[in-house]
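# Results of the structural survey
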Amino acid sequence: MSSFENLLWEEKDGVLWVSIHRPRALNALSSATLKELEGAFRSFAEREDLGAAVVTGADTGKKPSFAAGADIAEMAEMTGLALRAYSRLGQRALDAIATCGKPVVAAINGFALGGGLELAMACHIRLAADSARLGQPEINLGIIPGFGGTQRLPRLVGQGVALELLLSGDNIDGTQAHRIGLVDRVVAADELVEKAHSLAARLASKSPVARRLILDAVLRGEDRPLADGLALESDLFGVVGATEDVREGLSAFLEKRKPTFKGR
Ligand code: CO8
């Protein structure tokens, strides 16, 4: 996979690393980058040998940046309907990450602003460097978030905290982001790659079927009433119960050996 202009694709230990690579614009998400992201995660979803992914920002040669937002220069050339299409493209690309059926870890190494924070929020687990800068500064540009920020941020941190970030446009650091539940772990900047990789590699080694169904239950259950979510969980339990892996997992425990899961 080397056909991307705006992404780096690296595979190691069953983990895919996707790095946003637009050094001149602090890894801002141009529409070409979003199309590549969508394609990358559709390919990742089909690769049985890759069990988890990490999304991060490539070295910019300047300040560290996960992604400094949507591409402001590109947006400035657009009119109403083109901006709507840009917003839909971003949502589609981020949805390809959220629904890829395998865990995706965001390794937030620097600026995660606007569309960059929205990208991080579409990932399933977020690790941030303590020095990272996170925020939704759209209001300072006279616009609103368009890649899911008005929807995912309140779901993650609650309405009041989300509204303060959205309406002030203020940035916070990784430690503050951890305190409000916007990131799941905060680490020293020089440990981020190692911590993100070891977490992703551990998740990649687990049962592919159970992994997919847990993601499915949590993501599809999130917006349902509890009773519907519980019914969904039981239905998915029925699905996992019909697989070869359930026999392997239970037998391996009883035989005191490590299970070998086949993903079927
Ligand atoms: N888009 C395009 N270029 C950018 C962006 C961006 N988001 N961010 C930085 N750059 C460019 C700068 O223009 C600059 O280019 P050049 O060297 O050619 O002048 C280069 O990257 C370096 O940036 P700075 O010189 O500004 O670097 P600083 O270290 O001084 O500042 C900041 C770093 C604080 C990150 C600053 O660059 C900044 O504020 N960037 C913009 C952050 C922002 O507002 N992001 C939100 C964008 S809007 C958005 O994401 C909406 C998403 C939904 C859109 C829906 C579609 C309609």
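Our subject is the structure that appears above.
What comes next concerns the included structure.

Definitions and cut-offs
- Residues numbered from 1 in each chain as written.
- Predicted model: local features only at pLDDT ≥ 70, side-chain atom pairs only at ≥ 80, totals over all residues.
- Heavy atoms only, no water.
- Pairing = 2+ DSSP bridges.
- Helix = DSSP H or I, 4+ residues; strand = E, 2+ residues; numbered from the N terminus.
- Axes fitted to C-alpha atoms, helices over the stretch in contact; angles between N-to-C directions.
- Contact = heavy atoms within 4.5 Å.
- Near = heavy atom within 4 Å.
- Polar contact = N/O pair within 3.5 Å; in protein donor to acceptor, adjacent residues only side chain to side chain.
- Areas by Shrake-Rupley, 256 points an atom, 1.4 Å probe, with all protein chains shown as cover.
- Parallel < 35°, antiparallel > 145°, perpendicular 65-115°, else oblique.
- Left-handed = near helix turned anticlockwise from the far one by under 90°.
- Nonpolar A, V, L, I, M, F, W, Y, C, P; charged D, E, K, R; others polar.
- Disulfide = S-S within 2.5 Å.
- Buried < 20%, exposed > 50% of the residue type's maximum accessible area, 1.4 Å probe, protein only.
- Core = buried A, V, L, I, M, F, W, Y, C linked by side-chain atoms within 4.5 Å.
- Patch = residues over 30% accessible without salt bridge, like charges linked within 9 Å, V, L, I, M, F, W, Y side chains within 5 Å.
- Salt bridge = Lys/Arg side-chain N within 4 Å of Asp/Glu carboxyl O.
- Lys, Arg positive; Asp, Glu negative; His and termini not counted.
- Charge placed at Lys NZ, Arg CZ, Asp CG, Glu CD.

Below, the discussion takes up the sheet that holds strand β9 (residues 171–173). Sheet strands pair by backbone hydrogen bonding; their relative direction is either parallel or antiparallel. With mixed pairing, the 4 strands of this open sheet are ordered in space as β4-β6-β8-β9. Both edges of this open sheet fall to β4 (65–67) and β9, since each of them pairs with a single strand only. Taken over all neighbouring pairs, the strand axes of this sheet differ in orientation by 20 degrees on average, direction set aside. Of the strands in this sheet, β4, β6 (111–113) and β8 (133–135) touch helix α4 (residues 115–122), which is tilted by about 95 degrees from β6.

Here the focus is the site of the ligand. In the vicinity of the ligand there are 25 residues, among which Lys 63, Ala 68, Ala 70, Ile 72 and Gly 115 approach most closely. Residue Arg 24 places a main-chain N or O atom 3.4 Å away from an oxygen atom belonging to the ligand. Here a nitrogen atom of the ligand and a backbone polar atom of Ala 68 are 2.9 Å apart. Within the complex, the protein chains bury 66% of what would otherwise be the 1,100 Å² of accessible surface of the ligand. Elements with a contribution of two residues or more to the shell around the ligand: α2 (72–76), α3 (80–98), β6 and α4.

On to the packing of α3 against α4. At a closest axis distance of 8 Å, the pairing of α3 and α4 adopts a crossing angle of 25 degrees. Classified by the angle their axes make, α3 and α4 are roughly parallel. For the pair α3 and α4, the crossing hand works out as right-handed. The segment α3 lies against α4, with Leu 94, Ile 97 and Ala 98 engaging Glu 118, Leu 119 and Ala 122. For the contact of α3 with α4, the per-class residue count stands at 5 nonpolar, no polar and 1 charged.

Take the state of the cysteines next. One pass over the structure, following the stated rule, counts 0 disulfides. Sulfur of Cys 100: no disulfide; nearest cysteine sulfur belongs to Cys 123 and is 8.9 Å away. What makes Cys 100 buried here is its relative accessible area of 4%.

Turning our attention to the nonpolar core. Formed by 49 residues in total, the largest nonpolar core has its most connected members in Leu 37, Phe 41, Ile 108 and Leu 134. Ranked by size, the runner-up nonpolar core spans 15 residues in total, among them Val 105, Ala 129, Ala 196 and Leu 199.

On the surface, a cluster of negative charge is contributed by Asp 130, Asp 190, Glu 191 and Glu 194. Relative to the helices and strands, Glu 194 is located in helix α8 (residues 192–204).

Strand order across the open sheet formed by 6 strands is β1-β2-β3-β5-β7-β10, with mixed pairing between neighbours. Edge positions in the open sheet fall to β1 (7–12) and β10 (185–187), since each of these has one partner strand only. Here the average twist between neighbouring strands, direction ignored, is 20 degrees. By the bridge criterion, 3 bridges tie strand β3 (residues 52–57) to strand β5 (residues 104–108) in an arrangement that is parallel. The residue of β5 that forms the bridge with Val 54 is Val 105.

These results come straight from atomic positions and should not be treated as a statement about function.
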